[in-house]
Amino acid sequence: MNMSPRIPVVDLEDGWRDVLAGVAKLKCILDGSNVVHFFPDEYMHLYTTVYNMCTQKPPNDYSQVLYDRYKQALDDHIESVVLPSLNEKHGEFLLREIVQRWEKHKLMVRWLRRFFDYLDRYYVTRRSLDSLKDLGWSSFRDLVFDKLKSTVATIVIGMIDDEREGNLIDRALLKNALDIYVEIGDSQLNYYSDDFEQSFLNGTTDYYSKKAQTWILENSCPEYMLKAEECLQKEKDRVANYLHSTTEPKLFVAALFELIDRRAEEILNKENSGCKVLLCDEKTEDLARMFRLFSRITDGLLPVSKIFKEHVIAEGMSLLKHATDAANSRKDEKKGVVVGLPEQDFVRNVIELHDKYMAYVTNCFQSNSVFHKALKEAFEVFCNKDVVGCSSAELFAAYCDSILKRGGSEKLSDEAIDESLEKVVKLLTYLSDKDLFVEFHRKKLGRRLLFDKNTNDEHERILLSKLKQFFGGQFTSKMEGMLKDITLAKEHQSSFEEYVSNNPESNPLIDLNVTVLTTGYWPTYKNSDINLPLEMVKCVEVFKEYYRSDKQHRKLTWIFSLGNCVVIGNFDAKPVEFVLNTYQAALLLLFNEADKLSYSDIVSQLKLSDDDAVRLLHSLSCAKYKILNKEPSNRVISPEDEFEFNSKFTDRMRRIKVPLPQIDEKKKVVDDVNKDRRFAIDASLVRIMKSRKVLGHQQLVAECVEQLSRMFKPDIKIIKRRIEDLISREYLERDSENAQTYKYLA
């Protein structure tokens, strides 16, 4: 039987001598000596020697001895070679030397681990000892790093400060030096954070504290912010180039605090260049930079938005004052009547102001909600002020009216009209009395539709669609009904014309156009039971007969004050067509039967009120077109006056529209709105109490205000009066134990 040769026992000193020879060659290789690298048989000899010394049976198992001597060999090398080389260097040269020594030490540990691989995989693992890598790195850490880490940190921080001052430095060297802090802790970062990062951050704070103090005195606000932003960007680049990524947020916070946070008030209120000045001078780029910087600090945008809000309010109040001054300057000195419409310019200017600062919010302030809120609150201040005695609701309604009347004074295109209406609707969100706007707008919409003054119905529908989108269907339901009525009226007219053609005996021989309206949709209009001329009476009777044949269960109420007539006046020079109000036409037709009539004759024959008579006679005898001659010849209508047909009247125009003096319906609109508000408050209170059954006074008032604020801002005193009224009508009752609590009576 063949027996395998017995492996001789490797003596400790003999084996270690071979290992030291390998270590010595490795040192030469790492030092750059002209030594040939390890041949495979040399590597295998060293590996086998260690293997045999670790696998021999006791007492020849030298595993622990090799483990200890491995560490000692590294320590000896560091003390004899590495430390002396480091002690000779200073500053950047020391940094470069320690980086090189660390790289060589890592290579040395890596090669030695290959020689001692068996020891590392088996003996170290079984005994739960530090791995040979950890043991080797701890040797460098204990003997080199712990002694020099403070010095290295000081050198690195000094180089970084040099770079901040604009000097060129070796960034690769810095990165390699800082990598030692990371690697020496086996990527745990405790050495990096404790021995470098904290000192670095403290140094950063000191550096920027001094810089900021100097810059804020020497530079304007834009210049300071530009420097601050550049510094923050460079710190970010610094992290990307040689600092550890975990340093970035801490470094950014430290620099930002010194540059911006600590000096926020000084920056914003810098004399001649602060935030107010930037807004006044329209420095959009600087404002955008201010937003970027202040958005990074806690609550940093609040003071910026406050200054923005105050600036917008000041701009709006300036427009308000300008409109008031312009209106006052255009008043008639004798009568004190505003002869122009500067308030329309005010609305147009407010729209332009909103466009301007909405662009600021979007572009400079990145549509931040804080600035949207500031813009909203600013516009709410001056958009709810009166202008020359006109409420904002009335002004906006008048502006919409001017736009929708053939495109306004500017003769806008369809696209421009849509754009203008969109902007007006956005401004309406700032009004507190939206219901008042609705009523004014409904009045003007009625006049546009009835007198065919709108560009086209599509624009009206577009506006209602926008209003409905912003404020809900309740806001627009009546006005949508008005448009529907006009569409149906055109169908009625076609049907009426067909009826007349089929019934020649009913033909009034006058072109008649009747618009049938639904009472609930339209505003209330003043109406008088005027005595119409026979020609008009016949027209009315013919249409009534037609309407009864089609709508038997509906009642017609005639509103002659809204009617128009075309009357031909036969004058000596030439015939002239007059476009008149129905009342004006009825009055003129009286002069077909008489050459001269007194004031009392006219009033009695037409059954006019004095107010109506004065307005009509003034428009026909004292205004631009003197169709009637008046005695005495003055501009004041009195009961003693007499009137005569002016046969000598002439004008270069063949067709003339004779206007009636406008009646100020503002008070009636406001009264109607206040009446509707009382109903709305009652309904809201009942709705709330019906769902809650029992509720305290303060909570009831608060919920009522919240419900109604979408349409108007209710007065607390009126809410209290409505509560008392509901109690008197037995919808509510006070709690017997607490007078400030109400109960709902089902």
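These numbers were taken from a predicted model, which means no experiment stands behind them. (Residues numbered from 1 in each chain as written. Predicted model: local features only at pLDDT ≥ 70, side-chain atom pairs only at ≥ 80, totals over all residues. Heavy atoms only, no water.)

## Re the overall build of the protein chain
Then step 1. Counting secondary structure elements, the protein chain contains 28 helices and nine strands.
Then step 2. Scaling as 2.2 N^0.38, a compact globule of 746 residues should have a C-alpha radius of gyration of about 27 Å, whereas the protein chain reaches 48 Å, well beyond that.
Then step 3. Along the longest, intermediate and shortest principal axes, the C-alpha atoms of the protein chain span 155 × 65 × 65 Å.
Then step 4. For the protein chain, the residues scored as buried account for 45% of the 746 residues in total.
Then step 5. Expressed as a percentage of contacts within the protein chain between residues at least 6 apart in sequence, the contacts between residues at least 24 apart total 70%.
Then step 6. In the form shown here, the protein chain has an accessible surface area of approximately 39,800 Å², with 49% of it arising from carbon and sulfur atoms.
Then step 7. Here the protein chain holds 109 positive side-chain charges and 119 negative ones, and the gap between their average locations is 3 Å. (Helix = DSSP H or I, 4+ residues; strand = E, 2+ residues; numbered from the N terminus. Rg over C-alpha atoms; globule rule 2.2 N^0.38 Å. Buried < 20%, exposed > 50% of the residue type's maximum accessible area, 1.4 Å probe, protein only. Contact = heavy atoms within 4.5 Å. Areas by Shrake-Rupley, 256 points an atom, 1.4 Å probe, with all protein chains shown as cover. Lys, Arg positive; Asp, Glu negative; His and termini not counted. Charge placed at Lys NZ, Arg CZ, Asp CG, Glu CD.)

## Thoughts on the sheet that holds strand E6 (residues 655-657)
Then step 1. With mixed pairing, the three strands of this open sheet are ordered in space as E1-E2-E6. Unpaired on one side and paired on the other, strand E1 (564-570) and E6 mark the two borders of the sheet. Ignoring which end each strand starts from, the neighbouring axes of this sheet average 25° apart.
Then step 2. Note: E1 against strand E2 (residues 575-581), seven bridges, orientation antiparallel. Residue pairing for E2: Val 567 is matched across the bridge by Phe 578.
Then step 3. Contacts from helix H23 (residues 582-589) reach E1 and E2 within the one sheet, and its direction differs from that of E2 by about 130°. (Pairing = 2+ DSSP bridges. Axes fitted to C-alpha atoms, helices over the stretch in contact; angles between N-to-C directions.)

## Digging into helix H2 (residues 40-55)
Then step 1. Counted at 1.5 Å a residue, the expected span for H2 with its 16 residues is 22 Å, and the 22 Å between its end C-alpha atoms agrees.
Then step 2. Check the buried side of H2 and you find it contacts helix H1 (12-30), helix H3 (63-87), helix H4 (91-115) and helix H5 (117-126). (Expected span 1.5 Å × (residues − 1).)

## Considerations on the pattern of salt bridges
Then step 1. Under the definition given, this model contains 56 salt bridges.
Then step 2. Where Asp 195 meets Lys 149, a salt bridge forms, and the shortest distance between an N and an O atom there is 3.5 Å. Here Asp 195, found in helix H8 (residues 190-218), pairs with Lys 149, found in helix H6 (residues 132-164); they are 46 residues apart in sequence, far enough to count as distant.
Then step 3. Ionic pairing is found between Glu 235 and Arg 164, a salt bridge with its closest N-O pair at 2.9 Å. On the criterion of sequence distance, the pair formed by Glu 235 in helix H9 (residues 221-241) and Arg 164 in helix H6 is long-range, its members being 71 residues apart.
Then step 4. Here the residues in one salt-bridge network are Asp 161, Glu 163, Arg 164, Arg 171, Glu 235 and Arg 238, joined through shared partners. (Salt bridge = Lys/Arg side-chain N within 4 Å of Asp/Glu carboxyl O.)

## Some details on unusual backbone geometry
Then step 1. Cis geometry marks the peptide bond from Pro 58 to Pro 59; its omega dihedral reads 10°.
Then step 2. As for its placement among the helices and strands, Pro 59 is situated in the loop between H2 and H3.
Then step 3. Going from Glu 631 to Pro 632, the amide bond is cis rather than trans, its omega being -5°.
Then step 4. As for its position among the elements, Pro 632 is in the loop between strand E4 (628-631) and strand E5 (642-645).
Then step 5. Not every positive phi belongs to a glycine, and Asp 299 is a case in point at roughly 55°.

## Quick notes on the sheet that holds strand E8 (residues 732-734)
Then step 1. Pairing is antiparallel across the open sheet formed by three strands, whose spatial order is E7-E9-E8. The outermost strands of the open sheet, each flanked by one partner alone, are strand E7 (694-696) and E8. Sheet twist, expressed as the mean angle between neighbouring strand axes with direction ignored, is 30°.
Then step 2. Bridging between E8 and strand E9 (residues 741-744) involves three bridges; their strand directions are antiparallel. The residue bridging Arg 734 from the neighbouring strand is Tyr 742, located in E9.

## A short note on helix H19 (residues 434-450)
Then step 1. Compared with an ideal rise of 1.5 Å per residue, which puts 17 residues at 24 Å, H19 spans 24 Å between its outermost C-alpha atoms and is within 8% of the ideal.
Then step 2. Counting buried positions over the 17 residues of H19 gives 14, a clear majority of the element.

## Topic: the confidence of the model for the protein chain
Then step 1. Here the protein chain shows a mean pLDDT of 86. Residues at 70 or above account for 95%.
Then step 2. Counting contacts from residues 332-340, a segment whose pLDDT is below 50, to residues more than four positions away or on other chains yields 11 contacts. (pLDDT = per-residue confidence, 0-100.)

## Side note on empty space enclosed by the protein
Think of a ball as big as a water molecule: rolled over the atoms, this probe shows where empty space is left.
Then step 1. One pass over the structure, following the stated rule, counts one cavity of 30 Å³ or more.
Then step 2. Taken as a whole, the largest cavity encloses approximately 80 Å³ of empty space.
Then step 3. In terms of lining, the largest cavity is formed by Lys 27, Leu 30, Asp 31, His 77, Ile 78, Val 82, Arg 101, Lys 104, His 105 and Met 108.
Then step 4. Looking at the lining of the largest cavity, the elements that each hand over two or more residues are H1, H3 and H4.
Then step 5. Among the elements that line the lining of the largest cavity, the one with the most residues is H4, at four residues.
Then step 6. Its residues assigned to classes, the lining of the largest cavity shows four nonpolar, two polar and four charged. (1 Å grid on protein atoms, 1.4 Å probe; cavity = no way out; pocket = protein on both sides within 12 Å on 5 of 7 lines; lining within 4 Å. Points joined across faces, edges and corners; volume = space filled by probe spheres on them. Nonpolar A, V, L, I, M, F, W, Y, C, P; charged D, E, K, R; others polar.)

## A look at the nonpolar core
Then step 1. Core analysis: the biggest nonpolar cluster contains 93 residues, and Leu 259, Ile 260, Phe 294, Phe 308, Phe 379 and Phe 437 have the highest contact counts within it.
Then step 2. Of the residues that make up this core, three or more belong to each of domain 2 (188-298) and domain 3 (302-329 + 339-471).
Then step 3. Of all hydrophobic cores here, the second largest spans 70 residues; its members include Val 10, Trp 16, Ile 155 and Leu 189. (Core = buried A, V, L, I, M, F, W, Y, C linked by side-chain atoms within 4.5 Å. Domains from an automatic or database assignment.)

## A few points about the packing of H23 against helix H25 (residues 610-621)
Then step 1. For the pair H23 and H25, interaxial distance at closest approach is 10 Å and the crossing angle is 75°. Considered as vectors, H23 and H25 are oriented roughly perpendicular to each other. Side by side, H23 and H25 meet where Tyr 583, Gln 584, Leu 587 and Leu 588 of the first sit next to Asp 612, Leu 616, Leu 617, Ser 619 and Leu 620 of the second.
Then step 2. Residues belonging to the contact of H23 with H25 are distributed by class as follows: six nonpolar, two polar and one charged. (Parallel < 35°, antiparallel > 145°, perpendicular 65-115°, else oblique.)

## Topic: the domain arrangement of the protein chain
Then step 1. According to the domain assignment, the protein chain consists of domain 1 (12-147), domain 2 (188-298), domain 3 (302-329 + 339-471), domain 4 (488-560), domain 5 (563-663) and domain 6 (666-744).
Then step 2. Measuring from the centre of the C-alpha atoms in domain 4 to the corresponding centre in domain 5 gives 25 Å.
Then step 3. Note on domain 4 versus domain 5: buried area summed over both sides is about 1,000 Å², and carbon and sulfur give 57% of it.
Then step 4. By the criterion of area lost to domain 5, the three top residues of domain 4 are Ile 530, Asn 531 and Phe 560, representing 48% of everything that side buries.
Then step 5. Here domain 4 is connected to domain 5 by zero salt bridges.
Then step 6. At the boundary of domain 4 with domain 5, the tally comes to four residue pairs in polar contact (both at pLDDT 80 or more).
Then step 7. Taken together, the residues of the side of domain 4 that touches domain 5 sort by class into six nonpolar, three polar and three charged. (Buried area = accessible area lost by both parts, 1.4 Å probe. Polar contact = N/O pair within 3.5 Å; in protein donor to acceptor, adjacent residues only side chain to side chain.)

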